[in-house]
Every structure is written in C-alpha cells, then in structure tokens.
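# Notes for the structure review
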Amino acid sequence: MKAVVTVVGKDTIGIFAKVSTYLAGCGANIIGVSQTILDDMFVMIMSLDVDRLTLPFGEFADGIRAYGEENALVIHAMHEDIFHSMHRI
Amino acid sequence: MINLNPSDILETIRMIEDENLDIRTITMGISLLDCADSNIDASCQKVYDKICRKAEHLVQTGEEIAREYGIPIINKRISVTPIAMLAATGNGDPLKYAFALEKAAKEVGVNYLGGYSALVQKGFSAGDLELIRSIPEALSVTDHICSSVNIGSTKAGINMDAVRLMGEIIRSAAEKTADRDSVGASKIVVFCNAVEDNPFMAGAFHGVGEPDTVINVGVSGPGVVRSALSHRPDASIQEIAETVKRTAFKITRVGQLVANEASRRLDVPFGIVDLSLAPTPAVGDSVARVLEEMGLEECGCAGTTACLALLNDAVKKGGVMASSQVGGLSGAFIPVSEDEGMIAAARSGGLKIEKLEAMTAVCSVGLDMIAIPGDTPPEVISGIIADEAAIGLINTKTTAVRLIPAIGKTVGEEVDYGGLFGTAPVMPVNPASPKKFIDRGGRIPAPLQSLKN
C-alpha cells in the first residue's frame, strides 16, 4: 500500500530530517519527495511505501499528526487512493 | 516518484481541513423480513440478533476507513425493513420492536437506526395503523430510532386518511417530548414517493426490493462548493454550473471510494452513493451560503428557487459521472435547523415556509427541520403535509415533511438541539384552517402522466 504524507509549517532547519527520521522509526519507506518553500512556508509531499510499517496505518497516521503538532507542523498521512479517486478519472 | 500533482493533494487536504468535506454517513441496510414471527417476542429477539450479527463491525470499520484515508465519516447508521411489515405478522404491541431496535442500535454503537416505518400510500394494511399510532411513544422512549411514513406516490395518489393521521402523530410526538424541545417530532419524516435506499436520517428505511444487507453512503460538502464559487466572483451562470459539477464530481468520488472500501471490508454489497449536499450548522458548511455566493443578498429572497434549481441539477450531473451506482435522495438538502445560513435567514424573517415550499419543488426532499408554533393545530400540519406531498406527486419526485411543533413556544423563540440537528427559529405558519378539507379523508387520485403543463 502506498500513502501520501504532507508536511506544512514555517520553514526552519531540520524539518526534513525530523520527519524522515520519524518515518524510518515507523518502518515507512520514502519512495518520492516533492518539496518547496511558499511565502516562507515549508511545503513537502512524500510518497511512502507502508507495507512494512511496524504499527497499524491508522495509529501511524494519528502518531505522525501528533508529532507534527509537537513540532509546529501540520502533517497528514493518508492512503494515496483518496487522491487518485478525487483527481483521476 | 510521486505520480500525483502536489496542488491536487493540497486541494484535497484543504477541502477536508478547511471546508468541512466529509462523508456524512455509511448506512447499512438490513432486511428483517426473515425475522418475522407470529410470536412478537420471538420476532423481536430475531431482529435484535440479526442486527447485532450483521452490523457488528460497522462502526469499527467506518472508523478504520476514516483514519486510513484521512476523511471524516460522521455517522454510522442502520436502516431496516419497515417495521409495520413485521408488526403485520402477529399480534402484540409494536413498541416491543422499538425497544429491540434501540437495544441493538446501542449494542453495535450506531448513531441512528431508521425504519420504524410504514408505507401506506394507497391504504392501511395489517400492522400499519398500530405502528403509526405507536410512533410518538416509540420516539419519546428511545434515543436512536427514527421513523418515517410514506403517505403518497405518483403511482398511487395521496392517502388523505394517512395525511390527517400524521398531523396528529407529529403533534403528539412533539407533546410527548415537550420537555426536550419537542425532539420527538424531529425524528419523523412524512414522505411522498419515498425511496428505498436512502442512507439519510430520519427517513432511511430498507426497502423490500433491496438485498438482504447493503451498504449505502451519503456524502456532504456544501462548504467545498461555496469555496469553489467564492474563487470565481465574476463567473457567468454557465461557469458557476460547471464549477459546481466539477466540485460535486470530486466530492462524490470520495464517497464512492469509501463505499467500495466499506463494502469490501464488511463483505456486504455496495448499494448506492447518495449525491447530496448535506449541510451542518457549522459555519462554512451551509447550502444557503452557496446560494448567496451565487449572488443572492439572503437565502429566501427573489431568485432563491432558480439558484437552488441550478445547484441541485449541477450536483447531480457532476456526481453521476463519479459513482458507479447512484440513488437515495440525491440532491441539495435544505434543513433549516441544520444549516447556518438558513438559520440566519429564518431569524431575520427573510426565509419563510412558503418560500421553502417553492424551493422543495426543485431540490432534494422537502420541508425539513422546520420549527412551527407550538399551538399549531394538527389539521394545519396535515395541510402542510398535503401541500408538500402534492408537489412530489405531480412532479414525480420525493418530497417530505419534518416539522417540529415547538410545544410552549411561538414565533421569535427557538428550539436548540445542538450537534448536527442544530437550532430552529420558530417560523410562522398561516393560521387559517384547512380542517374541512383534511377531515374529508379518502385519497387524492394518482395524477395523469401526460399533458404536463
């Protein structure tokens, strides 16, 4: 299963490192990254392979959202099919 | 590689986080026909057992899908075979079914269970009258049960005896729950041309032509539509219609995805996606505000019916393409108490019952969640039901009435339920009496299907 993680927050040093370290700790494999700075805001979208997660996906999604809040970031982890459904015919 | 457009991803997240996009309900339809027994206690036990068995994992599955896909699923509900059909098989107090259903609803953890219902469009059969007369009591002693009665159809006409009776039943339900803002009346829907696969409460029931169990999904999203229109302030009417279609497509695709997943995980056939714009009292989640975004000063002013007709049609056109099976009520809902913009317009006096009645001729369902003065006599309620049913009858569409006689209150006061049911300002009704007309009883004949002017 593939998932999409989005990270939005004020640009600071080490956001990528923090998030990728967290993902590695959960067993999520990063297979693609798109990142930019928009008006001083850090915006990153990651594509993940989550077949080897060490915890159920729901708990992973809740956990990374909470981790984002601790670090002043808005982080979402969602099954990629929701984006395919909505934006592809 | 990311094979998705980042702007599409961020749009989806914005819809969910900022514009209140959600799945309003996953509703499991369950047939109870195989539970019928001439011994009502045995029948109730079978009903309880079957609901608990079939819906055991419904709530948990809904929550899992919501977490995995990041889309809120607000309600998990059950609809069942109209209970009057079970009541017909044996003697006994139909209230026993209400208690069995309530117990089952609590056991499986659903928000509501619909189907304490009767279909009497052409006349009453065994069990119908007993069940209808028990509705006020059933709704006053239960929290999760919803009730509906179909009193007319384009094929059968309008059963005016049932119309008269339902005026009394709605008033009685309000009186029995007068200490709780007459909440009983908010759980009764009187239909003309009721649909058998409606996932929305309070009017959901599981039709006799449906499979044994089925998953139906209702989507929401007026906030998303309003936001899309707000980005195009100078758009032409055609561009507005196109924008609504595109947005409805995206909303419905999420509903289809959730429906497929729920169906697969629960091993229950997928029934339909209901293409709905269902508002909530939350700011930014209002159908009235969508109409105002099109250029109305206030919902209820001249032009409202035309804007609603455009919206309703465009939602269907966009949604049909997005789902493999469409059904239910499908269209924009206009429940006054559940829509922040409608509440505001009703408070200001700009939105009146007569305008709402006109609006129901071009949109989904009907006069919905409208509080009326507590001293409104039953025959006036019946008259309103007859008017609304006539619109459905002639236009071959579903119409419904969910009125709340606010016992002890009058115009200028409000009933407040909190949550999704919201706040309803008491709206004035024409006090002149239709009593003689209502007391005639009988049946309004089925209409001609040609010469349609």
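Quick notes on the rules
Residues numbered from 1 in each chain as written. Chains lettered and ligands numbered in written order. Predicted model: local features only at pLDDT ≥ 70, side-chain atom pairs only at ≥ 80, totals over all residues. Heavy atoms only, no water. Helix = DSSP H or I, 4+ residues; strand = E, 2+ residues; numbered from the N terminus. Rg over C-alpha atoms; globule rule 2.2 N^0.38 Å. Buried < 20%, exposed > 50% of the residue type's maximum accessible area, 1.4 Å probe, protein only. Areas by Shrake-Rupley, 256 points an atom, 1.4 Å probe, with all protein chains shown as cover. Phe/Tyr/Trp six-rings, centres within 6.5 Å; stacked < 30°, edge-to-face > 60°. Lys NZ or Arg CZ within 6 Å of the ring centre and 35° of its normal. Contact = heavy atoms within 4.5 Å. Salt bridge = Lys/Arg side-chain N within 4 Å of Asp/Glu carboxyl O. Polar contact = N/O pair within 3.5 Å; in protein donor to acceptor, adjacent residues only side chain to side chain. Core = buried A, V, L, I, M, F, W, Y, C linked by side-chain atoms within 4.5 Å. 1 Å grid on protein atoms, 1.4 Å probe; cavity = no way out; pocket = protein on both sides within 12 Å on 5 of 7 lines; lining within 4 Å. Points joined across faces, edges and corners; volume = space filled by probe spheres on them. Nonpolar A, V, L, I, M, F, W, Y, C, P; charged D, E, K, R; others polar. pLDDT = per-residue confidence, 0-100. Pairing = 2+ DSSP bridges. Axes fitted to C-alpha atoms, helices over the stretch in contact; angles between N-to-C directions. Parallel < 35°, antiparallel > 145°, perpendicular 65-115°, else oblique. Left-handed = near helix turned anticlockwise from the far one by under 90°.

### Let's talk about the overall build of chain B
Summing up its helical and strand segments, chain B has 15 helices and 14 strands in all. In terms of overall dimensions, chain B is globule-like: its C-alpha atoms have a radius of gyration of 21 Å, near the 22 Å expected for 453 residues. Taking all 453 residues of chain B together, 62% fall into the buried category. Accessible surface for chain B amounts to roughly 16,300 Å². Of this, 50% is attributable to carbon and sulfur atoms.

### Brief notes about the packing of aromatic side chains
Residues and elements named next belong to chain B. Within the structure shown, the criterion is met by five aromatic pairs over all chains. Consider the rings of Tyr112 and Phe421, whose centres lie 5.9 Å apart with planes at 10 degrees: the pair is stacked. Taken together, the positions of Tyr112 in strand β3 (residues 112–119) and Phe421 in the loop between β12 (414–418) and β13 (422–425) put the pair 309 residues apart, joining distant regions of the chain. Taking relative accessible area as the criterion, Phe421 reaches 14% and is therefore assigned buried. With centroids separated by 4.8 Å and ring planes inclined at 80 degrees, the aromatic side chains of Phe200 and Phe333 adopt a geometry described as edge-to-face. Taken together, the residues span a long stretch of sequence, with Phe200 in the loop between β6 (188–192) and β7 (213–219) and Phe333 in the loop between β9 (326–332) and α12 (340–348) at a distance of 133 residues. Taken individually, Phe200 and Phe333 each receive the classification buried, so the pair is uniform in this respect. Among the aromatic residues, those joined into a cluster by ring pairs are Tyr112, Tyr417 and Phe421. A cation sits over an aromatic face here: Arg402 above Phe421, 5.8 Å from the ring centre.

### Some details on the interface of chain B and chain A
Taken together, the contact pairs 26 residues of chain B with 30 residues of chain A. Counting every contact that joins chain B to chain A gives two salt bridges. In this assembly, chain B and chain A are joined by nine residue pairs in polar contact (both at pLDDT 80 or more). Every element with two or more residues in the side of chain B that touches chain A is listed here: α1 (6–18), α3 (58–69) and α9 (237–266) of chain B.

### Let's talk about the nonpolar core
Counting 158 residues, the largest nonpolar core has Tyr116(B), Ile151(B) and Leu311(B) as its most contacted members. Within the second largest apolar cluster, 21 residues are counted, among which are Ala28(A), Val50(A), Ile64(A) and Leu73(A).

### Things to note about empty space enclosed by the protein
If you roll a probe as big as a water molecule over the atoms, it shows you where there is empty space left. The final tally for this structure, using the stated rule, is two cavities of 30 Å³ or more. Computed from the structure, the largest cavity encloses a volume of approximately 40 Å³. If you go around the largest cavity, the residues you meet are Val219(B), Ala248(B), Ile251(B), Thr252(B), Leu275(B), Ser276(B), Leu277(B), Val315(B) and Gly319(B). For the lining of the largest cavity, a count of residues per class yields six nonpolar, three polar and no charged. Looking at the second largest cavity, its volume works out to about 30 Å³. Considering the residues around the second largest cavity, the lining is formed by Arg65(A), His76(A), Met78(A), Ile13(B), Ile16(B), Glu17(B) and Gly70(B).

### Quick look at the layout of surface pockets
Residue and element names in this part refer to chain B. A volume near 320 Å³ is recorded for the largest pocket. Contributing to the lining of the largest pocket are 26 residues, with Phe200, Met201, Ala202, Glu338 and Arg402 lying nearest its centre. Where the lining of the largest pocket is concerned, the elements lending two or more residues are β2 (73–80), β6, β10 (367–373) and β11 (399–406).

### Some details on the confidence of the model for chain B
Close inspection of predicted coordinates is inappropriate for parts of the model with low pLDDT. On average, chain B scores 94 in pLDDT, and the residues at 70 or more come to 100%. Model confidence for the complex is summarised by a pTM of 0.93, with the ipTM given as 0.88.

### Focus: the sheet that holds strand β2 (residues 29–38) of chain A
Residues and elements named next belong to chain A. Taken in spatial order, the four strands line up as β2-β3-β1-β4 in an open sheet, and their pairing is antiparallel. Bordering the open sheet on either side are β2 and β4 (73–79), each of which pairs with just one other strand. Sheet twist, expressed as the average angle between the axes of neighbouring strands with direction ignored, equals 15 degrees. Both strand β1 (residues 2–10) and β4 contribute to a ladder of seven bridges, which runs antiparallel. Following the sheet pairing, Thr6 is matched in β4 by His76. Of the strands in this sheet, β1, β3 (41–49) and β4 are in contact with helix α2 (residues 57–70), which crosses β4 at around 165 degrees.

### A few points about the pairing of strand β1 (residues 23–30) of chain B
Residue and element names in this part refer to chain B. Buried residues dominate β1, accounting for eight of its eight residues. Two strands pair when backbone bridges link them, and β1 and β7 are joined in this way by seven bridges, in the antiparallel orientation. Within β7, the position partnered with Thr25 by the bridge is Gly218. As judged from the seven bridges shared by β1 and β2, these two strands associate in the parallel manner. Residue pairing for β2: Met28 is matched across the bridge by Ile78.

### Remarks on the packing of helix α11 (residues 304–322) of chain B against helix α13 (residues 353–360) of chain B
Relative orientation and spacing of two packed helices are given, respectively, by the angle between their axes and the distance between those axes. Residues and elements named next belong to chain B. Put simply, α11 and α13 touch, their axes get as near as 9 Å, and they point 30 degrees apart. In terms of orientation, α11 lies roughly parallel with respect to α13. Pair α11 / α13 crosses with right-handed handedness. Across the interface between the two elements, Thr304, Thr305 and Leu308 of α11 pack against Lys355, Ala358 and Met359 of α13. Among the residues making up the contact of α11 with α13, the classes are represented as three nonpolar, two polar and one charged.

### Considerations on the pattern of salt bridges
Residue and element names in this part refer to chain B. Within the structure shown, the criterion is met by 30 salt bridges over all chains. Between Asp285 and Arg24 there is a salt bridge, with the nearest N and O atoms lying 3.8 Å from each other. Here Arg24 lies in strand β1 and Asp285 lies in the loop between β8 (270–277) and α10 (287–293), a separation of 261 residues in the sequence. Grouping residues by exposure puts Asp285 and Arg24 together as buried. Between Arg164 and Asp161 there is a salt bridge, with its nearest N and O atoms 3.5 Å apart. A residue pair is termed a helical-turn pair when its members lie 3 or 4 positions apart in one helix, as Arg164 and Asp161 do in helix α7 (residues 160–176) at three residues. Owing to a relative accessible area of 29%, Asp161 belongs among the partly exposed residues under this scheme. Here the salt bridges do not stand alone but share partners, grouping Asp34, Lys50, Lys54 and Asp212 into one network.

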